[in-house]
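Structural overview
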Amino acid sequence: QVQLVESGGGLVQAGGSLRLSCVVSGTFFRINSMAWHRQAPGKQRELVAYISSGGSTNYADSVKGRFTISRDNAKNTVYLQMNSLKPEATGVYYCAASVRIISVITNDYWGPGTQVTVSS
């Protein structure tokens with residue numbers, strides 16, 4: 001069974017920084033891509049940042065230059081460094097991972113989310 005657990009959310013003033021972490025645990029063959037998504041109040045969940053197994057990254061236009069996604073494969077962990085935070089970044093941040101369970105089966109998993117609130 002594979003589980004994802006996020007941490008690092010909280011309340012921060014506009015212009016501040018937060019670093020989110022997500023640890024993948026359980027029994028699996030390898031972790032492929034990982035990503036962070038955000039769901040703001042009353043809005044649909046959206047992709048914030050993505051990192052491939054090889055380290056290639058992609059960002060939503062709204063966070064380019066301010067957010068950085070990275071991963072530590074030895075720790076099965078993905079991070080999201082968020083700088084120069086704006087109030088519109090408020091929402092629940094979800095970690096997602098594409099995990100190869102065995103050589104022929106790959107599943108997508110989600111964490112329960114962590115709340116980020118940016119005050120103006």
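All of the points below concern the structure found in this document. (Residues numbered from 1 in each chain as written. Predicted model: local features only at pLDDT ≥ 70, side-chain atom pairs only at ≥ 80, totals over all residues. Heavy atoms only, no water.)

This next bit is on the layout of surface pockets. Taken as a whole, the largest pocket encloses approximately 190 Å³ of empty space. Lining the largest pocket are 13 residues, and of these Arg 38, Lys 43, Glu 46, Glu 88 and Ala 89 lie nearest its centre. Taken together, the residues of the lining of the largest pocket break down into 4 nonpolar, 3 polar and 6 charged. (1 Å grid on protein atoms, 1.4 Å probe; cavity = no way out; pocket = protein on both sides within 12 Å on 5 of 7 lines; lining within 4 Å. Points joined across faces, edges and corners; volume = space filled by probe spheres on them. Nonpolar A, V, L, I, M, F, W, Y, C, P; charged D, E, K, R; others polar.)

Here strand β7 (residues 67–72) shows a buried face lined by Phe 67, Ile 69 and Arg 71 and an unburied face lined by Thr 68, Ser 70 and Asp 72. The turn linking β7 back onto strand β8 (residues 77–82) is made up of 4 residues, and Asn 76 within it adopts a positive phi angle of 50°. (Buried < 20%, exposed > 50% of the residue type's maximum accessible area, 1.4 Å probe, protein only. Helix = DSSP H or I, 4+ residues; strand = E, 2+ residues; numbered from the N terminus. Pairing = 2+ DSSP bridges.)

Moving on to the pairing of strand β5 (residues 46–51). Sheet analysis places strand β4 (residues 30–39) next to β5, joined by 5 bridges and oriented antiparallel. Looking at the pairing, Arg 38 lines up with Glu 46 of β5. Counting the residues in the hairpin turn of β4 and β5 gives 6 residues, including Gly 42, whose phi is positive at 75°. The sheet contact formed by β5 and strand β6 (residues 57–59) spans 3 bridges and is antiparallel. Bridge pairing links Ile 51 to Thr 57 in β6. With antiparallel pairing between neighbouring strands as the criterion, β5 and β6 make up a hairpin whose turn holds 5 residues, including Gly 55 at a positive phi of roughly 100°.

Moving on, we get to the side chain of Thr 90. Here Thr 90 is to be found in the loop between β8 and β9 (91–102). At 2.9 Å, the side chain of Thr 90 forms a polar contact with the backbone oxygen of Pro 87. Contacts of Thr 90, omitting those with residues within four sequence positions, involve Arg 38, Ala 40, Pro 41, Gln 115, Val 116, Thr 117 and Val 118. (Polar contact = N/O pair within 3.5 Å; in protein donor to acceptor, adjacent residues only side chain to side chain. Contact = heavy atoms within 4.5 Å.)

Bringing the nonpolar core into the picture now. By size, the foremost hydrophobic cluster in this structure holds 30 residues, and its most contacted members are Trp 36, Phe 67, Leu 80, Met 82 and Tyr 93. Of all the secondary structure elements, the ones that give two or more residues to this core are β1 (2–7), β3 (18–26), β4, β5, β7, β8, β9 and β11 (114–119). Excluding residues that lie within four positions of it along the chain, Leu 80 makes contacts with Leu 18, Arg 19, Leu 20, Trp 36, Val 48, Ala 49, Phe 67, Thr 68, Ile 69 and Tyr 93. (Core = buried A, V, L, I, M, F, W, Y, C linked by side-chain atoms within 4.5 Å.)

This part is about the environment of Pro 41. Within the element layout of this structure, Pro 41 appears in the loop between β4 and β5. Assessed through its relative accessible area of 66%, Pro 41 is described here as exposed. Remark: the alpha-carbon pair of Pro 41 and Arg 100, spanning 59 residues in sequence, is separated by 32 Å. Apart from residues lying up to four places away in sequence, Pro 41 is in contact with Thr 90 and Gly 91.

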